[in-house]
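Coordinate analysis (summary)
The lines below spell out each chain.
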Amino acid sequence: MALPSSVPELTGGQVLGVTSAISYALPKPEDKKLTHELTQCLEKHDVFDSDSGLQQRLLVLGKLNELVKRWIYDISIVKGKSEAEAKVTGGKICTFGSYRLGVHGKGADIDTLVIAPRHIDRSDFFHSMKERLEDCKEVKHLRAIEDAYVPVIKLEFDGIEMDMLFARLALSNIPVNLDLLDINMLRNLDHKCVRSLNGCRVTDAILSLVPIHENFKLALRAIKLWAKRRGIYSNALGFLGGVSWSMLVARTCQLYPNAVAAVIVQKFFFVFSTWNWPNPVLLRKMDENVELDLPVWDPRINPSDKYHLMPIITPAYPQQNSTFNVSHSTLAVMKEEFTRGRNICNDIALGKKCWDDLFELFSFFSLYRHYMVITATAKSQEHYLKWYLYTVSALQCKFLCRTGLVESKIRILIGKLEYNGGIDLAHVNCKTFNPEPVTYVIPLCILSV
């Protein structure tokens with residue numbers, strides 16, 4: 001993967017976040033060398049999609065976009081629009097998440113949002129659109145979850161897993177150059193549409209707030225790989241999910257706007273190993289005096305927000321804490337990993353270690369003396385899919401979050417264990433064993449008496 005040959009230089013007069021940058025230093029030759037070595041290491045871990053994979057995703061999105069446009073046209077005719085009116089009604093598919101950020105890997109799913117004009121409602125999407133998808137030969141494993149906190153249709157299109165959300169805007173026509181970051185797009189929408197839109201709005205806001213996209217994307221790929229291999233990549237289990245890791249990397253980029261990816265990774269561990277939690281991480285100032293009156297994260301107004309341990313605040317209105325699932329135990333584990341990452345990066349800079357050391361797979365079963373094994377079983381494959389793979393619950397700060405029911409209950413169990421005076425730490429392993437039944441392993445660190 002080629003490094004950017006030339007990038008815009010940022011100076012001391014430019015502020016991208018809530019504070020000025022720590023350093024505007026330009027990359028040194030040794031920084032570029034370390035970035036090249038980091039890229040080679042990431043390629044070895046197969047985190048990049050292939051050219052053919054990228055083309056396949058573009059083709060699938062193109063087919064799906066045409067299918068959605070045709071569906072909106074047909075529904076418009078059924079609802080009394082003339083052919084001329086139906087043709088200009090518009091409608092589109094937007095992507096968000098890892099694909100939109102440009103950090104997806106092989107086999108990753110694509111998060112999509114169907115945007116429709118005001119005369120098309122959610123019931124149309126979950127009935128007539130669902131039927132049209134079922135009739136499509138490229139579609140397999142379709143499952144609609146209409147009554148979820150964030151309603152979704154999950155499917156596989158031409159071999160690519162996709163999640164489809166729906167939002168109806170208060171517009172008669174959907175313009176081609178629609179700006180979803182415009183707060184006015186949220187006017188006169190129900191809460192489910194607002195939550196569905198927030199995935200795209202948060203992703204677009206993150207991209208608008210980082211200085212050099214290529215450096216951000218490469219550093220984010222590295223941090224996501226590190227978090228997965230160190231067992232701390234799971235919002236549902238009380239660690240951090242993809243959007244939270246993205247915001248931490250984005251904040252690091254704001255503090256070191258001219259840094260290349262290797263330096264961003266190094267500074268990431270420096271910043272967050274010394275961060276004074278629960279001080280919040282913000283990419284921009286909170287919106288004030290907004291007339292929409294949607295619920296936002298604000299510990300001055302909401303008493304429950306005061307108890308969040310590791311607040312990382314989304315940059316799009318209505319701002320929410322993406323990490324309210326974090327517990328005392330998961331925070332302790334992540335702090336230890338931040339410190340480990342900082343020490344290894346210091347050694348990498350000195351030539352004593354290499355990037356492979358940072359991404360070393362953690363040895364969960366050599367850490368503790370006591371473990372608890374939890375086994376969950378279902379009577380049928382259908383029930384298994386319903387409560388494990390496809391449950392969409394109201395976790396994660398009132399914006400898009402998808403998690404398994406079992407995982408959410410494990411997180412609650414961790415919270416209960418933390419109140420036991422004889423337990424110092426309840427560290428959940430994010431890896432499952434024997435998919436049917438699903439097994440989670442939790443070690444309990446017992447305090448000596």
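Refer to the structure printed above.
These notes cover the structure that comes with them. (Residues numbered from 1 in each chain as written. Predicted model: local features only at pLDDT ≥ 70, side-chain atom pairs only at ≥ 80, totals over all residues. Heavy atoms only, no water.)

**A look at the overall build of the protein**
Per the secondary structure count, the protein includes 13 helices and eight strands. Residue burial in the protein is summarised as follows: out of 449 residues, 53% are buried. Counted over contacts in the protein with a minimum sequence separation of 6, partners at least 24 positions apart contribute 70%. Carbon and sulfur atoms provide 51% of the accessible area of the protein, an area that totals close to 21000 Å². (Helix = DSSP H or I, 4+ residues; strand = E, 2+ residues; numbered from the N terminus. Buried < 20%, exposed > 50% of the residue type's maximum accessible area, 1.4 Å probe, protein only. Contact = heavy atoms within 4.5 Å. Areas by Shrake-Rupley, 256 points an atom, 1.4 Å probe, with all protein chains shown as cover.)

**Overview of the environment of Gly241**
Mapping Gly241 onto the fold places it in the loop between α7 (213–229) and α8 (242–255). Residue classification places Gly241 among the buried residues on the basis of a relative accessible area of 11%. In this structure, the C-alpha to C-alpha distance between Gly241 and Ala227, residues 14 residues apart in sequence, is 9.5 Å. In this structure Gly241 touches Tyr233, Ser234 and Asn235, once residues within four positions along its chain are discounted.

**Things to note about helix α1 (residues 29–44)**
Helical geometry note: an α-helix holds 3.6 residues per turn, so side chains three or four residues apart project in the same direction. Over its 16 residues, α1 runs 23 Å from end to end, which matches the ideal 22 Å to within 8%, given 1.5 Å per residue. Within α1 the residues assigned to the buried category are Asp31, Leu34, Thr35, Leu38, Thr39, Cys41 and Leu42. Along the axis of α1, the buried residues cluster in a sector spanning 165 degrees; they form a single face. Residues of α1 that are exposed and point over 90 degrees away from its buried face: Pro29, Lys33 and Lys44. For α1, the secondary structure elements touched by its buried residues are α7, α9 (261–273), α10 (328–349) and α11 (355–358). Just past α1, the residue Asp46 takes up positive phi, approximately 60 degrees. (Expected span 1.5 Å × (residues − 1). Arc of directions from axis to C-beta.)

**Things to note about the pairing of strand β4 (residues 152–157)**
Counted residue by residue, β4 has five buried out of six residues, so it is predominantly covered. Sheet topology note: the strand β3 (residues 139–145)/β4 ladder contains five bridges and is antiparallel. Bridged to Val139 within β4 is Phe157. The antiparallel pairing of β3 with β4 creates a hairpin that spans six residues between the two strands. Note: β4 against strand β5 (residues 160–168), five bridges, orientation antiparallel. (Pairing = 2+ DSSP bridges.)

**Describing the packing of α1 against α7**
Direction vectors running N to C along α1 and α7 enclose 50 degrees, while the axes themselves pass 11 Å from each other. With respect to each other, α1 and α7 are oriented oblique. Note on packing geometry: the crossing formed by α1 with α7 is left-handed. Where α1 abuts α7, its residues Thr35, Leu38, Thr39 and Leu42 lie against Leu218, Arg221, Ala222 and Leu225. Per-class residue counts for the contact of α1 with α7 are five nonpolar, two polar and one charged. (Axes fitted to C-alpha atoms, helices over the stretch in contact; angles between N-to-C directions. Parallel < 35°, antiparallel > 145°, perpendicular 65-115°, else oblique. Left-handed = near helix turned anticlockwise from the far one by under 90°. Nonpolar A, V, L, I, M, F, W, Y, C, P; charged D, E, K, R; others polar.)

**As for the nonpolar core**
Trp226, Trp245 and Trp355 are the most contacted members of the largest nonpolar core, which totals 75 residues. Residues within four places of Trp355 in sequence aside, it is in contact with Leu34, Glu37, Leu38, Cys41, Ala262, Val265, Gln266, Cys345 and Ile348. Leu67, Ile72, Val114 and Val139 belong to the second largest nonpolar core, which has 27 residues in total. (Core = buried A, V, L, I, M, F, W, Y, C linked by side-chain atoms within 4.5 Å.)

**Concerning the packing of aromatic side chains**
Think of a pair of aromatic rings as described by two things: how far the centres are apart, and how the planes are tilted against each other in angle. Tallied over the entire structure, the rule returns 22 aromatic pairs. Centroid distance Phe125 to Phe126: 5.1 Å. Interplanar angle 90 degrees. Geometry classified as edge-to-face. Taking the relative accessible area as the measure of exposure, Phe126 reaches 4% and is therefore buried. Taken together, the aromatic side chains of Trp226, Trp245, Phe268, Phe269, Phe272, Trp275, Trp277 and Phe338 make up a single cluster linked through ring pairs. In this arrangement the basic side chain of Arg195 is found over the ring face of Tyr149, its NZ or CZ atom lying 3.8 Å from the centre. Stacked on the ring of Phe270, the Lys or Arg Lys267 has its end atom at 5.9 Å from the ring centre. (Phe/Tyr/Trp six-rings, centres within 6.5 Å; stacked < 30°, edge-to-face > 60°. Lys NZ or Arg CZ within 6 Å of the ring centre and 35° of its normal.)

**A closer look at the environment of Gln254**
Along the chain, the position of Gln254 falls in helix α8. Given a relative accessible area of 3%, Gln254 falls into the buried group. Gln254 sits 238 residues away from Leu16 along the chain, and the two C-alpha atoms are 5.7 Å apart. Those residues within four positions of Gln254 in sequence are excluded, and the remaining contacts are Leu16, Gly17, Ala21, Leu209, Pro211, Leu282 and Leu283.

**What to know about α8**
The terminal C-alpha atoms of α8, which comprises 14 residues, lie 20 Å apart, in line with the 20 Å expected from a rise of 1.5 Å per residue. Burial analysis of α8 places 12 of its 14 residues in the buried class, the great majority of the element.

**Section: the sheet that holds strand β1 (residues 92–96)**
The strand order across the open sheet built from five strands is β1-β2-β5-β4-β3, with neighbouring strands paired in mixed fashion. Strand pairing shows two members of the sheet lacking a second neighbour, β1 and β3, which therefore form its edges. Neighbour to neighbour, the strand axes of the sheet diverge by 25 degrees on average, direction disregarded. One ladder, built from seven bridges, connects strand β2 (residues 110–116) with β5; its direction is parallel. Along β5, the bridge assignment pairs Leu113 with Leu165. Packing against the sheet, helix α5 (residues 122–134) makes contact with β2, β3, β4 and β5, and its axis sits at approximately 165 degrees to β3. The strands touched by helix α6 (residues 191–208) are β1, β2 and β5; relative to β5, the strand with the most contacts, the crossing angle is about 120 degrees.

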